[in-house]
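# A closer look at the structure
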Amino acid sequence: MRRRYWNEKIEKKLGTPELDALRLRRLKKALIYFKENSPFYRRRFKEAGFDPERIKSLEDIKYLPPFTKDDIRMSQAESMERYGHPYGIHLTIKPREIALLSATSGTTGEPTFYVFGKEDIKVWCEVRARALWRVGLRPGDTLMIAFGLGMFVGGVPNVIAAQHFGLVTVPVGAEGGSTKVLSFARLTRPKALMGTPSLAKILVERAPEVVGKKVGELGIKKLILGGEPGAGVKEVRGFLSREFDAEIYDLQGPNVSCHLPDYAGMHRVGDDYYLHELVDPVTKEPIPLEDGAEGEVLVTHLFRASAPFVRYAPGDIHRVFISPCSCGFSGFRTMIVGRTDDMLKVKGVIIYPSTVQGIVASLGTRLTGEFRIVLKSPPPRVDGTLNLQVEAAPDVPAEKWELIAREVEEKFKEKTGIRPMVKIVSAGTFPRTEHKKEFFIREYAK
């Protein structure tokens, strides 16, 4: 019988009480380890009056405060001052034991480090292997990795995981641009490509010019996409699936979607190593995990992580689904609704860039799919009307732009209950990027 899962022993138990018992044991051991090996967590647990020895259920974690990106920055600043290294006082290993670093620059210009020790890499490779197996890859298949390789967590760590899985790994990276990605794809004929939805759309546009054929003729049968909205947006999935003649998978951390035509969210394939909670974005009060529940996600490591997160708030708003998926795979599912940083409140209605993305993509070939949200004051509140700029397709004459603008406004009103002001602009107005896309034009003083 063909093996359904990479790890049959664990993955069959995902979402069951049996696995929850394992998770509780791991949570307790992990928290004790963090307390014993990290000054940050010793102090944090003491201030909260929290004793990891006494926890009785997974829900007891709620008595600790969320761990935010500001906490990471403060932890790193303190470790630099006290110990001369920038990896944070939440570090549980010695700096010389770090095996790999990834980082984001953030808005301050100072990098935020994500630390991998040997244990972290082992867990990362295991969980990523489960995802790669579920998307239909097998050892010996060729995977092109076109995420940015320069410190991005989706870059070199995914290269390591792909090699561990046994794939022929083509780490072309996004840094070389779409020309290099397409040229290597033509030569290596990868079965799957991993990158951002923005990159995938650029490849559609540029393939005829660069390699003299449509992107669907390159033989890529699986797109594994992450880093930004898109792979979970019905219209974007449909467009990319048609153009590449490929299956579309949404990927984020220990979560990967199946390829059902109707997007069903991402299966949580690493629940034995990570605890996910939902909380109210404002009050931080827990939200029960039930079908359709929506809130800010918090993540806790259930293993001896080198720079552990306990109730870490990455800034994502998720909707969860507990009932079994019709694809037959195990595991609760989660869908990214948006990011707290990108959330807009327009006349009491919550709007995310993914909302706009879906509406724009629904107009098909009359638009390029590129848009920007124009902000005249700092988010999240939008005073007055929401302003959008949307690119027309190159072959759409300017005299039709006004009619298309009204159609976008009408579709937006139909879906959200609010009517934006839409301005159609010429194709190529907005810069293309192989990396994470900027959805906003900020016309206010920062």
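In the block above lies the structure referred to throughout.
Residues numbered from 1 in each chain as written. Predicted model: local features only at pLDDT ≥ 70, side-chain atom pairs only at ≥ 80, totals over all residues. Heavy atoms only, no water.

The next thing to look at is the packing of helix α2 (residues 17–37) against helix α3 (residues 39–48). A pair of packed helices is characterised by two quantities: the angle between their axes and the separation of those axes. Where α2 meets α3, the closest approach of the two axes is 5 Å, and the angle between their N-to-C directions is 110 degrees. Taken together, α2 and α3 sit at an angle that is classed as roughly perpendicular. Residue-level contacts link Leu31, Phe34, Lys35, Glu36 and Asn37 of α2 to Pro39, Tyr41, Arg42 and Phe45 of α3. Class assignment of the residues belonging to the contact of α2 with α3 gives a composition of 5 nonpolar, 1 polar and 3 charged. (Axes fitted to C-alpha atoms, helices over the stretch in contact; angles between N-to-C directions. Helix = DSSP H or I, 4+ residues; strand = E, 2+ residues; numbered from the N terminus. Parallel < 35°, antiparallel > 145°, perpendicular 65-115°, else oblique. Contact = heavy atoms within 4.5 Å. Nonpolar A, V, L, I, M, F, W, Y, C, P; charged D, E, K, R; others polar.)

Turning our attention to the side chain of Asp271. With respect to the secondary-structure elements, Asp271 resides in the loop between β9 (266–268) and β10 (274–279). For Asp271, a relative accessible area of 1% gives the class buried. Within the structure, the side chain of Asp271 is placed 3.1 Å from the side chain of Arg268, a separation counted as a polar contact. Every residue in contact with Asp271, bar those within four places of it in the chain, is listed here: Leu14, Leu19, Arg23, His276, Leu302 and Phe332. (Buried < 20%, exposed > 50% of the residue type's maximum accessible area, 1.4 Å probe, protein only. Polar contact = N/O pair within 3.5 Å; in protein donor to acceptor, adjacent residues only side chain to side chain.)

Looking now at the sheet that holds strand β15 (residues 349–351). The strand order across the open sheet built from 3 strands is β15-β14-β17, with neighbouring strands paired in mixed fashion. A single partner strand is all that each edge strand has here, and the edge strands are β15 and β17 (381–382). As judged from the 2 bridges shared by strand β14 (residues 344–346) and β17, these two strands associate in the parallel manner. Residue pairing for β17: Val346 is matched across the bridge by Val382. (Pairing = 2+ DSSP bridges.)

Taking strand neighbours across the sheet as the criterion, the 4 strands line up as β19-β18-β16-β20 in an open arrangement whose pairing is mixed. With one partner strand each, in any of the chains shown, β19 (421–425) and β20 (440–442) form the two edges of the open sheet. Direction aside, neighbouring strands of the sheet carry axes that sit 30 degrees apart on average. Of the strand pairs in this sheet, strand β16 (residues 367–375) and strand β18 (residues 387–392) are connected by 5 bridges, and their pairing is antiparallel. Following the sheet pairing, Leu367 is matched in β18 by Ala392. Docked against the sheet, helix α11 (residues 401–416) engages β16, β18 and β19, running at close to 140 degrees with respect to β19.

The next subject is the pairing of β16. Extensive coverage of β16 is indicated by the burial of 9 of its 9 residues. In this structure, β16 lies alongside β20, joined through 3 bridges in parallel fashion. Its bridge partner being in β20, Leu375 is matched across the sheet by Arg442.

Attention shifts here to the side chain of Thr92. Relative to the helices and strands, Thr92 resides in the loop between α4 (69–83) and β1 (100–104). Setting aside residues up to four positions removed in sequence, Thr92 forms contacts with Tyr33, Phe34, Asn37, Ser38, Ala305, Ser306 and Pro308.

Among the structural elements, Phe34 can be located in helix α2. Given a relative accessible area of 0%, Phe34 falls into the buried group. Separated by 18 residues in the primary sequence, Phe34 and Pro52 have C-alpha atoms spaced 9.7 Å apart. For Phe34, the residues in contact, after removing those within four places along its chain, are Tyr41, Thr92, His301, Phe303, Arg304, Ala305, Pro308 and Val310.

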